[in-house]
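Working through the structure, step by step
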Amino acid sequence: MTTESSSPSIILVDKNPKLFNEIKSLMAFLGYETVYIPNLDGLDGALNGRSDMAILLGNLGSAEAQKQALEHLQNAASRQQVILINQARDNLEKYQPDYDCVIAYLEMPLTYEPVMEALARAREFHSNDNAGGVAGRRMVGNVPKLGGNSPAVQYVRKMIEQVAKTDASVLILGESGTGKEVVARNIHALSNRCKNGFVPVNCGAIPADLLESELFGHEKGAFTGAISSRQGRFELAEKGTLFLDEIGDMSLPMQVKLLRVLQERTFERVGSNKSISADVRILAATHRDLERNIHDGKFREDLYYRLNVFPIEVPALRERLEDVPYLLQDQIDKLERDNRGSVRLTASAVEALCQYKWPGNVRELANLAERLSILYPGGVVDIKHLPPKYQPAGMKAASLPFNPALMFADPDEDENDSGADFVADEGSAATAVAPAPMMTAQSLPVIGEEGLDLKEHIAQMEIELIQQALNATNNVVAHAAELLKMRRTTLVEKLKKYGINN
């Protein structure tokens, strides 16, 4: 008979027993009982009868032992969350794409706030798993996010969350460059198939006579040039997700073969008569009007209804121009994280881009941000520096609103803190986020002959905006960070920096 522990528990798995002594006192202070085991033997017994657990997975002696431990914890029925400790920080990014039980990393010696944040994240995942929620199944790897907070984007996020946990086929519609593959990757990341492969195929980029081999594979000697057997994308996506991009460009003969696979869930490699079963979820996307293509005889109606079980339409950027400042900041942050340069935009430049119609959608915006970072590395781009087509005629740069986050980024802010971005945050689809604060040129101070301490002025502005966000959210730091479009850990550092008591 097992006695249930009265305190929530932390289980440390590490080959070095001395680490236990360093951790136990801090965990006791936080109200956690710490249990030590040197390896995975006895882990199931340690888990029995305990609540609110997290696993501190340390150094087990070899990379192979590390992977075996993660495999065990990933597949364990108890679904405990793993916090990496006493090992290389790079392992967080290394393991997260394949093991969604890994949620955080802690450096030694332990300090109070990182430990509290990691444990809070573990509790959130633990409670969501017990409730059968989506959040417990999130993949927190390098999945691109759907940027913006307009009603149109929030609706798309809601649709993603609703369909992700099913196995329904999804048809993603939208113009080129709107982010259809981003939607597909988010659906996969939130699905029960997230531990298996996401395999994209651009049906418009592969010649019609090669697409069959690409999808289904071929046997050696099946055609000229087939010097060896080869798996197709369906086999690579087994138990995972196959993303058929530009499905509207697929030839009619190939549509017939695809329809058969969707109906029978089996296929044959080119040059073989052996049937292979296909446990694959299909996500398809196109920028074409498939209903018109059906009318014109270019697309099969029966295939259309097979794919269009759950349609999601991604809005064009011109239909959600209020998202442009946020998308610009996302792209600039990405450039900085990838060490590909940096750039800042003035008020008038941002407003000009908010009035542009963006025929190339988000892809065009990303290209522009990178181009500006190359032309003006580390500089500030005004409206006059934009390429001519992005400069609206007659715009007066002195009287336009702007997003201060774009103009006044803190050069000391750590863009690569340890908080991992989640995909399609829970509740983001249903809760509107307050728009970025706006400011007019008339509210800016006038620079006189005596000059102006720009750094001090920017700091004061940042303090006032942080205080506004805290007041608006009843001093809940996580909610205030969401309003300010920053990570919670970043806001906590700023509260310390400015001595703000919340």
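Please refer to the structure placed before this passage.
Before going into details, it helps to say that this report is about the structure given with it. (Residues numbered from 1 in each chain as written. Predicted model: local features only at pLDDT ≥ 70, side-chain atom pairs only at ≥ 80, totals over all residues. Heavy atoms only, no water.)

As a further point, take the overall build of the protein chain. Helices and strands together make up the secondary structure of the protein chain, namely 19 helices and 14 strands. Out of the 502 residues in the protein chain, the part that is buried amounts to 48%. In the protein chain, the proportion of contacts linking residues at least 24 apart, taken out of those at least 6 apart, comes to 71%. As displayed, the protein chain offers around 24,700 Å² of accessible surface, 50% of which is attributable to carbon and sulfur atoms. (Helix = DSSP H or I, 4+ residues; strand = E, 2+ residues; numbered from the N terminus. Buried < 20%, exposed > 50% of the residue type's maximum accessible area, 1.4 Å probe, protein only. Contact = heavy atoms within 4.5 Å. Areas by Shrake-Rupley, 256 points an atom, 1.4 Å probe, with all protein chains shown as cover.)

This part is about the nonpolar core. Among the nonpolar cores identified, the biggest contains 30 residues, and Leu-215, Phe-234, Leu-242, Leu-244 and Ile-247 are the most heavily contacted of them. Put simply, the parts of the chain that give this core at least two residues each are strand E7 (198-202), helix H8 (208-216), strand E8 (241-245), helix H10 (252-264), strand E11 (281-286), helix H11 (290-295) and helix H12 (301-307). If one sorts the elements of this core by residue count, H10 sits on top with 5 residues. With near-sequence residues (within four places) excluded, Leu-242 lies in contact with Val-199, Val-201, Arg-233, Phe-234, Ala-237, Val-280, Arg-281, Ile-282 and Leu-283. (Core = buried A, V, L, I, M, F, W, Y, C linked by side-chain atoms within 4.5 Å.)

Attention now moves to the packing of helix H17 (residues 454-472) against helix H19 (residues 488-498). Relative to each other, H17 and H19 sit at 120°, their axes nearing to 11 Å. When the axes of H17 and H19 are compared, the pair comes out oblique. Regarding H17 and H19, the two cross each other, and that crossing is left-handed. On the side of H17, the interface is formed by Ala-459, Glu-462, Ile-463, Ile-466 and Leu-470, while H19 contributes Leu-491, Lys-494, Leu-495 and Tyr-498. A breakdown of the residues in the contact of H17 with H19 according to their chemical character gives 7 nonpolar, no polar and 2 charged. (Axes fitted to C-alpha atoms, helices over the stretch in contact; angles between N-to-C directions. Parallel < 35°, antiparallel > 145°, perpendicular 65-115°, else oblique. Left-handed = near helix turned anticlockwise from the far one by under 90°. Nonpolar A, V, L, I, M, F, W, Y, C, P; charged D, E, K, R; others polar.)

If you trace the 5 strands from one edge of the open sheet to the other, you get E7-E8-E11-E6-E12, paired in parallel fashion. The open sheet has two edge strands with one neighbour each: E7 and strand E12 (310-313). Here the average twist between neighbouring strands, direction ignored, is 20°. Where strand E6 (residues 170-173) lies against E11, 4 bridges are found, and the strand directions are parallel. Across the sheet, the residue bridging to Ile-172 is Ala-285, located in E11. (Pairing = 2+ DSSP bridges.)

Helical geometry: 3.6 residues make up each α-helical turn, so side chains three or four residues apart lie on a common side. Along H8, the positions that sit buried rather than exposed are Leu-211, Ser-213, Glu-214, Leu-215 and Phe-216. In the core, the buried residues of H8 are packed alongside E7, helix H9 (233-236), E8, H10 and strand E9 (266-268). Of the residues flanking the end of H8, it is Gly-217, one or two places downstream, whose phi is positive at about 80°.

With that settled, the discussion passes to the sheet that holds strand E5 (residues 102-106). Taken in spatial order, the 5 strands line up as E2-E1-E3-E4-E5 in an open sheet, and their pairing is parallel. Every other strand in the sheet has two partners, leaving strand E2 (33-37) and E5 as the edge strands with one partner each. The sheet shows a mean angle of 25° between the axes of neighbouring strands, taken without regard to direction. Sheet topology places strand E3 (residues 54-57) next to strand E4 (residues 81-85); 4 bridges connect them, and they run parallel. Note on E4: the bridge partner recorded for Ala-54 is Gln-81. The strands that helix H3 (residues 63-75) touches are E3, E4 and E5; relative to E3, the one it contacts most, it runs at about 170°.

So, on to the environment of Leu-40. Relative to the helices and strands, Leu-40 is located in the loop between E2 and helix H2 (43-47). Considered as a pair, Leu-40 and Leu-73 are 33 residues apart in the sequence and their alpha carbons are 9.3 Å apart. In this view, Leu-40 contacts Val-13, Gln-68, Ala-69 and His-72; residues no more than four positions away in its chain are not counted.

Another point: the pattern of salt bridges. Counting across every chain of the model gives 21 salt bridges. Among the ionic pairs, Arg-288 bridges to Asp-249, the shortest N-O distance being 2.4 Å. With a gap of 39 residues between them, Arg-288 in the loop between E11 and H11 and Asp-249 in the loop between E8 and H10 connect regions that are remote in the sequence. Between Asp-302 and Arg-300 there is a salt bridge whose closest N-O contact spans 2.7 Å. A relative accessible area of 31% places Asp-302 in the partly exposed class. Each of Asp-167, Arg-193, Lys-239 and Asp-279 takes part in a single network of salt bridges with overlapping partners. (Salt bridge = Lys/Arg side-chain N within 4 Å of Asp/Glu carboxyl O.)

Fair warning: the whole summary comes from geometry, so function is off the table for now.
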